[in-house]
Amino acid sequence: MQRCRALCAAGTGAKGVIRIPAHRPIREPNCYQLVLLRHGESEWNFAKRFTGWVDVDLTETGRLQAARAGKVLKNHNFEFDEAHASVLKRAVRTLWTALHSSDHHWIPVRHTWRLNERHYGGLTGLSKKEAERELGKDMLLRYRRGYDTEPLPMEETHPYWTGSDRRYRDLGTLLPTGESLQQCKERILPYWYESIVPSIRAGRSVLVAAHNNVIRCLAKHLDHIPTENLRDLEIPTGVPIVYNLDKESLKPVGEPDKFGFTGRYLSDDDVEEMPSPWEQGVAVNEVLTLELLQREAHRLNLDLSGIKCVTDSVEKHGDVASASAASAPELKAVDASEPQQLADAGARPVVSIGNMDRQSRTAQSDPLDDWMQPTGF
């Protein structure tokens, strides 16, 4: 049998993995799965400022978190039928990225102001340290973590006044100027019952991309978390949360944690890794069958035209190692663009993947991949 040696000039490639579910169950029997996803780290998360309804973007870390979240969902074989998100950029971008990373570009998406972050009123835009200096540590803690404490209202003269944003021009008296966590929950629940619950009961798989306090409110509603426990419940950025809901009652199924929270955080810790023969990089002097090499090139969308090839005449020697040593002086560099040259040499082509320039690698790639890179949108 003829074999080919791929010569990589740039060193070894990174090995790919096949991810398989670990033994801990993610899906409970006779349950619907609801996935909640807090947006990736935002610019004001990083700066530790009260954000609320201000439309800040994700940081580079946040964009990578969103991409990773989508990959984790894909690794766990989640297949969504629809998605819901707020109208704020950080949640929208997180959802876009997660849908791209998990191959869910086509599913319908609904946006609503009711899934916006809690409105922090007059605190909006302040750093945590500035707010502590003005209000004192105890009062700030009541505003931040209290359940029914409403913050100072946002006035029309506030630099981040939301009443001038055309996204909310039709809300009228529904437009908040500051919300307690309880008021935030009351604002969310109509959309929960009118739009999300019917989809879940119809057997549709639902993904919700939202915000810290929105998910805390939904967790309190689903798990009936005591108010005193809710203060210490913090939702990490960019980590999917899976709720298993009983098909009859839609009550959460599973063992609650110390806060009474039954949602399960989904991460790469829940999967085991094993090498994939089709996703490994090609090592220097690694001997591959031509079929494997062609399949690898097809997987990577590589354009093999114009790539120089070399040959080993294995048929004469019967042993790959001896053939390599015996035929090394006779190796011929052949231009793959000239098929007759290959035929005259009696050779089957081998691609030196390490010598391919970046342009030839990306020329055949999906333009959407570049556009959807964390730094690209």
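Just so we're clear, the structure is a prediction, and the values are computed from it rather than from any experiment. (Residues numbered from 1 in each chain as written. Predicted model: local features only at pLDDT ≥ 70, side-chain atom pairs only at ≥ 80, totals over all residues. Heavy atoms only, no water.)

What is the right way to look at the overall build of the chain in this model?
Check the secondary structure of the chain and you find 13 helices and twelve strands. Relative to its 377 residues, the chain shows a buried fraction of 47%. Summarising the internal contacts of the chain: among those between residues at least 6 apart in sequence, 80% fall at separations of at least 24. Approximately 19700 Å² of the chain is accessible, and the part contributed by carbon and sulfur atoms is 49%. (Helix = DSSP H or I, 4+ residues; strand = E, 2+ residues; numbered from the N terminus. Buried < 20%, exposed > 50% of the residue type's maximum accessible area, 1.4 Å probe, protein only. Contact = heavy atoms within 4.5 Å. Areas by Shrake-Rupley, 256 points an atom, 1.4 Å probe, with all protein chains shown as cover.)

How should the pattern of salt bridges be read in this particular structure?
Two side chains with opposite charge may pair up if their charged atoms get near one another. The tally for this structure, following the rule as stated, stands at ten salt bridges. The partner of R187 in a salt bridge is E179, with the nearest N and O atoms 2.6 Å apart. The class for E179 is buried, based on a relative accessible area of 4%. One salt-bridge network, in which partners are shared between bridges, spans R38, R145 and E234. (Salt bridge = Lys/Arg side-chain N within 4 Å of Asp/Glu carboxyl O.)

What is the right way to look at helix α7 (residues 212-223) in this model?
Side chains three or four residues apart in an α-helix point the same way, a direct result of the helix having 3.6 residues per turn. Here α7 contains twelve residues, and its C-alpha end-to-end distance of 16 Å stays within 8% of the 16 Å for a straight helix at 1.5 Å per residue. Summarising burial for α7: twelve of the twelve residues are buried, a large majority. Where α7 terminates, the next one or two residues include H224, which has phi positive at roughly 55°. (Expected span 1.5 Å × (residues − 1).)

Please clarify how unusual backbone geometry should be interpreted in this entry.
Backbone geometry follows two general trends: most residues other than glycine have a negative phi, and most peptide bonds adopt the trans configuration. A positive phi angle, near 65°, is found at N77, a position not held by glycine. Relative to the assigned elements, N77 resides in the loop between α2 (60-75) and β4 (82-85). On the accessibility criterion, N77 (53% relative accessible area) is exposed. One non-glycine residue, L250, lies in the positive phi region at around 60°. Within the secondary structure, L250 is located in the loop between β7 (240-246) and β8 (264-265).

Would you take a moment to explain the nonpolar core for this structure?
A general trend in soluble globular proteins is that nonpolar side chains are found buried together. Counting residues in hydrophobic clusters, the biggest one holds 33 residues, and the most contacted among them are L34, L36, W192, I200, V208, L233 and Y243. Looking at this core, the elements with two or more residues in it are β3 (31-38), α6 (181-201), β6 (206-210), α7 and β7. Once residues lying within four places of it in the same chain are set aside, the contact partners of W192 are L34, V197, P198, I200, L218, H221 and L222. Counting residues in each nonpolar core, the second largest holds 18 residues, with V72, L73, A85 and V242 among its members. (Core = buried A, V, L, I, M, F, W, Y, C linked by side-chain atoms within 4.5 Å.)

Please clarify how the packing of α2 against helix α3 (residues 89-101) should be interpreted in this entry.
Axes are the key here: two packed helices are described by the angle between their axes and the distance separating the axes. Relative to each other, α2 and α3 sit at 40°, their axes nearing to 7 Å. In terms of orientation, α2 lies oblique with respect to α3. Crossing hand, α2 versus α3: right-handed. In this structure, α2 contributes R63, A66, A67, G70, K71 and K74 to the contact, and α3 contributes R93, T94, T97, A98 and S101. Classifying every residue of the contact of α2 with α3 by side-chain character gives three nonpolar, four polar and four charged. (Axes fitted to C-alpha atoms, helices over the stretch in contact; angles between N-to-C directions. Parallel < 35°, antiparallel > 145°, perpendicular 65-115°, else oblique. Left-handed = near helix turned anticlockwise from the far one by under 90°. Nonpolar A, V, L, I, M, F, W, Y, C, P; charged D, E, K, R; others polar.)

Looking at this structure, I do not really get the pairing of β3. What am I missing?
Each regular strand displays side chains that alternate between the two surfaces of the sheet. In terms of residue burial, β3 counts as a mostly covered element, since eight of its eight residues are buried. Both β3 and β6 contribute to a ladder of five bridges, which runs parallel. For L36, the partnering residue across the bridge sits in β6 and is V208. (Pairing = 2+ DSSP bridges.)

Sorry if this is basic, but what is going on with the pairing of β7 here?
With six of its seven residues buried, β7 lies for the most part within the structure. Pairing of β3 with β7, which is carried by seven bridges, proceeds in the antiparallel orientation. Bridging across to β7, Q33 finds its partner in N244. Of the pairings in the sheet, the one linking β7 to β8 comprises two bridges and is antiparallel in character. Opposite I241, over in β8, you have Y265 as the bridge partner.

Looking at this structure, how should I read the packing of aromatic side chains?
Aromatic ring pairs are defined here through the distance separating the ring centres and the angle between the ring planes. Counted under the stated rule, the structure contains seven aromatic pairs. Geometrically, the ring pair formed by W44 and Y160 is edge-to-face, given 5.3 Å between the ring centres and 85° between the ring planes. A residue pair is termed long-range when its members are at least 10 positions apart, and W44 in helix α1 (residues 43-47) and Y160 in the loop between α5 (137-145) and α6 qualify at 116 residues. According to the relative accessible area criterion, Y160 is partly exposed, its value standing at 31%. Joined through ring pairs, the aromatic side chains of W53, W113 and Y168 make up one cluster. Seen from the ring of W44, R49 lies directly overhead, with NZ or CZ sitting 3.9 Å from the centre. One cation-aromatic arrangement involves K220 over Y147; the distance from NZ or CZ to the ring centre is 5.0 Å. (Phe/Tyr/Trp six-rings, centres within 6.5 Å; stacked < 30°, edge-to-face > 60°. Lys NZ or Arg CZ within 6 Å of the ring centre and 35° of its normal.)

Would you take a moment to explain the side chain of H119 for this structure?
The residue H119 is located in the loop between β5 (109-111) and α4 (128-135) in this model. Using a relative accessible area of 0% as the deciding quantity, one classes H119 as buried.

Teacher, can you tell me more about the sheet that holds β6 here?
Within a sheet, adjacent strands bond to each other through the backbone by hydrogen bonds, running parallel or antiparallel. The sheet built from six strands is open, its strands ordered β5-β4-β6-β3-β7-β8 with mixed pairing. Each end of this open sheet is capped by a strand with a single partner; those strands are β5 and β8. Running over the sheet, α6 touches β3, β4, β5, β6 and β7 and is turned about 160° from β4. Those strands touched by α7 are β3, β6 and β7, and its axis lies near 155° from that of β3.

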